[in-house]
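Residues per chain, in single letters:
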Amino acid sequence: MTENAQSTQATASGDNYAVIIRDMHKWYGEFHVLKNINLNVTKGEKIVVCGPSGSGKSTMIRCINALEEHQQGDIIVDGTELTNDLKNIDAVRSEVGMVFQHFNLFPHLTVLENCTLAPIWVRKTPRAEAETLGMEYLERVKIPDQANKFPGQLSGGQQQRVAIARSLCMRPRIMLFDEPTSALDPEMIKEVLDVMIELASEGITMLCVTHEMGFAKTVADRVIFMDGGEIIEENNPDEFFDNPQHDRTKLFLSQILEH
Amino acid sequence: MSEAIASQPQRNIISRLWNDKETRSVIIQIIAFAAIFAFFFFMVRNAISNLESIGKDISLDFLSQPSSYDISQSLIEYSSRSTHFRAMIVGILNTLLVAVFGVILATLVGFLLGVLRLSKNWLTNRLAYVYIEYVRNVPVLLHILLLHGIIVHSLPLPKNALNLGDAAFLTNRGFFIPSPNFEPLFWVVTGLFAAGIIFSIWFSRYAHKVQDATGRHYPVFWINLGAIIVVPVLAYFILGSPITWEIPELAGFNFKGGMVVRPEFVALWIALSFYTAAFIGEIVRSGISAISWGQTEAAAALGLSRGRILNLVIIPQALRIIIPPLTSQYLNLTKNSSLAIAIGYMDIVATIGGVTLNQTGREMESMTIVLLLYLTFSLLISSFMNWYNKRIKLVER
């Protein structure tokens, strides 16, 4: 039931894909968290992943930059297959940006140093250049004036925007968002979503786990619904929200949209 | 405002002052200070008058009298004809010796234990755990006595000494090891070593500047290691090993020549270090595991390698948690060294607070001196550690 939406794209050559996930399974001990995941993401595509908690959606996108190991199947990111090779993993991670639910900024470094750490130590960028780059992205997320503060002195929304800037400083081709607004106060969600919408308009590949359905409607090319470790349904946002096919999707949508 | 107060029923002035937040805290402080002062004044005056009534006045004259006792281990010239003051200095040096060596060894072993405790390898993890639980749940005095007993009773008399390549001899009177005689050329090696340290300080800064300017990374650790260790060692051999060793030799019932490390020192040093190391191991483990897994994930997601994650993200944060409890372990080790008296290691307590006290009967003066000395050491250690803590803390705010 998962392959139908892919069939139209299956003829395209592998070069067009930012991420290819093929027959992927993952277990936590005995627990089968991800069951037979198949997902092809074309370059520049924006994908929103939703589903009830415990459905495996976070685990799936964490597999894409090898923060979680998969036990079966293939994951190919930007032409590099994820194996046990640590060099491959580091190479993939430097091309894939990730934004976490709880920001995970480095509390002992200033906002600007958070942004320049990876360019300096991974990309071997000269400090002055890295700082220019950092300021550029801090301006993009609209907090250049906080550059010399420490993360603990910022609001949640500001911290999440710094986290986005920190990822962008590595100039990733793919961005992963793991529930970026779930830990934020309602009035701060908008400032983060605005930044993400602007980012989406610039052609980067995005995979975003979120329950912000307004965001999904505005930005997503495709919405994926997961439940029980499987991809249940995937479709373009209009069809997905107006005409869900599966009972579980209908139930989920009715639960999150009725307030 | 004043009207509001005036309209309230008039309370007396003491009740008003007592119920004012600020004046109350001042009053309490004055009362507490006066009580403490009065207590100590009473105790000291009483002690002095009681001592006077049995014909003892407070005096430090005894320090300049001959001590007339021997000390087995002395870092400076000392004989039974030396003064009590000199005996005290010997004691201080012996305490400092065991404390400094102890802190160094305890830190090394402790950090190693902490890292082993975090190991994902089941066996190393369990071994470190068992070691820590055994060592820290047995009083340190028992460790000292046990180790001393093992050394004294299991090692042979000097005439049957355990012979390590005709150079070092292990006996129950001590470990006899060769002592170095430095030839003039050796100072070249020492000079190179010093130059290596200066070079590495300069090179670290230089590498930092180059990285800032061009992004290029030098292998700073390996280059500095080469400058400090490899170059002097090579020079040592090229110059034809400019140290002659004075080998200890059996003469009569004991060894002559070379250096001797006393079993008391070894027992105390090893026992204190390995005991304290168990606590330091737990401090290091808890410090590192207190840093949330999210920090490691975020750093990994940016493409940083495992070593860089540890160096740039985890350790700078963990050190801040580790340093304060580490300070109290250093203080504990220094103060626990007073258990030396149980095995006859001549530290402060055994010299000025032991034999000198017994011989001169100056308990008030001797114990005050011992107390002030320990207080001085402890305050020095904590002020150094506080300085270091502040320095790494400043990085945050």
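What comes next concerns the included structure.

**Focus: the packing of aromatic side chains**
All names here are of chain B.
Point 1. Applying the stated criterion across every chain yields a total of 22 aromatic pairs over all chains.
Point 2. Both rings, one in F199 and one in W202, keep their centres 5.8 Å apart while their planes meet at 45°; by these two values the pair is tilted. On the criterion of helical spacing, the pair formed by F199 and W202 is a turn pair, its members being three residues apart in helix 7 (residues 186–214).
Point 3. Relative accessible area serves as the criterion here: at 48%, W202 is assigned to the partly exposed category.
Point 4. Each ring, one from Y236 and one from F237, has its centre 5.2 Å from the other, and the planes form 80°; the classification is edge-to-face.
Point 5. Looking at Y236, the relative accessible area reads 16%, which means it is buried.
Point 6. A residue is classified by how much of its surface remains accessible, and F237, at 56% relative accessible area, is exposed.

**Focus on the sheet that holds strand 8 (residues 259–261) of chain B**
Residues and elements named next belong to chain B.
Point 1. Pairing is antiparallel in the open sheet, where four strands are placed in the order 1-2-3-8. Two strands lie at the open edges of the sheet, namely strand 1 (162–164) and strand 8, each paired on one side alone. Taking each pair of neighbouring strands and ignoring which way they run, the sheet shows an average axis angle of 20°.
Point 2. Examined bridge by bridge, strand 3 (residues 174–177) and strand 8 share three bridges and lie antiparallel to one another. Each bridged residue has a counterpart across the sheet, and for F176 the counterpart in strand 8 is V260.

**Quick look at the interface of chain B and chain A**
Interface extent is often summarised as the accessible area lost during association of the parts.
Point 1. In this complex, chain B contributes 27 residues to the contact, which on the side of chain A involves 29 residues.
Point 2. The junction of chain B with chain A conceals about 2,500 Å² of combined surface from both sides, 60% of it contributed by carbon and sulfur atoms.
Point 3. On the chain B side of the contact with chain A, E297, A301 and L302 of chain B bury the most area, a combined 24% of that side's loss.
Point 4. Seen at the junction of chain B and chain A, the total is two salt bridges.
Point 5. Between R127 of chain A and D212 of chain B there is a salt bridge, with the nearest N and O atoms lying 2.6 Å from each other.
Point 6. One can count eight residue pairs in polar contact (both at pLDDT 80 or more) joining chain B with chain A.
Point 7. The element that contributes the greatest number of residues to the side of chain B that touches chain A is helix 10 (residues 293–301) of chain B, accounting for seven residues.
Point 8. Looking at the side of chain B that touches chain A residue by residue, the classes come out as eleven nonpolar, ten polar and six charged.

**Observations regarding the environment of E45 of chain A**
Residue and element names in this part refer to chain A.
Point 1. Along the chain, E45 turns up in the loop between strand 2 (31–42) and strand 3 (46–50).
Point 2. A residue is classified by how much of its surface remains accessible, and E45, at 7% relative accessible area, is buried.
Point 3. Measuring from C-alpha to C-alpha, the distance between E45 and K142 comes to 25 Å, with 97 residues separating the pair along the chain.
Point 4. Once residues within four sequence positions are removed from consideration, E45 is found in contact with N40, I204, T205, M206, D221 and R222.

**Some remarks on helix 12 (residues 351–360) of chain B**
Point 1. Buried within helix 12 of chain B are the following residues: T351, I352, G353, G354, T356 and L357 of chain B.
Point 2. Directly after helix 12 of chain B, the chain includes G361 of chain B, whose backbone phi takes a positive value near 70°.

The rules we used
Residues numbered from 1 in each chain as written. Chains lettered and ligands numbered in written order. Predicted model: local features only at pLDDT ≥ 70, side-chain atom pairs only at ≥ 80, totals over all residues. Heavy atoms only, no water. Phe/Tyr/Trp six-rings, centres within 6.5 Å; stacked < 30°, edge-to-face > 60°. Helix = DSSP H or I, 4+ residues; strand = E, 2+ residues; numbered from the N terminus. Buried < 20%, exposed > 50% of the residue type's maximum accessible area, 1.4 Å probe, protein only. Pairing = 2+ DSSP bridges. Axes fitted to C-alpha atoms, helices over the stretch in contact; angles between N-to-C directions. Contact = heavy atoms within 4.5 Å. Buried area = accessible area lost by both parts, 1.4 Å probe. Salt bridge = Lys/Arg side-chain N within 4 Å of Asp/Glu carboxyl O. Polar contact = N/O pair within 3.5 Å; in protein donor to acceptor, adjacent residues only side chain to side chain. Nonpolar A, V, L, I, M, F, W, Y, C, P; charged D, E, K, R; others polar.

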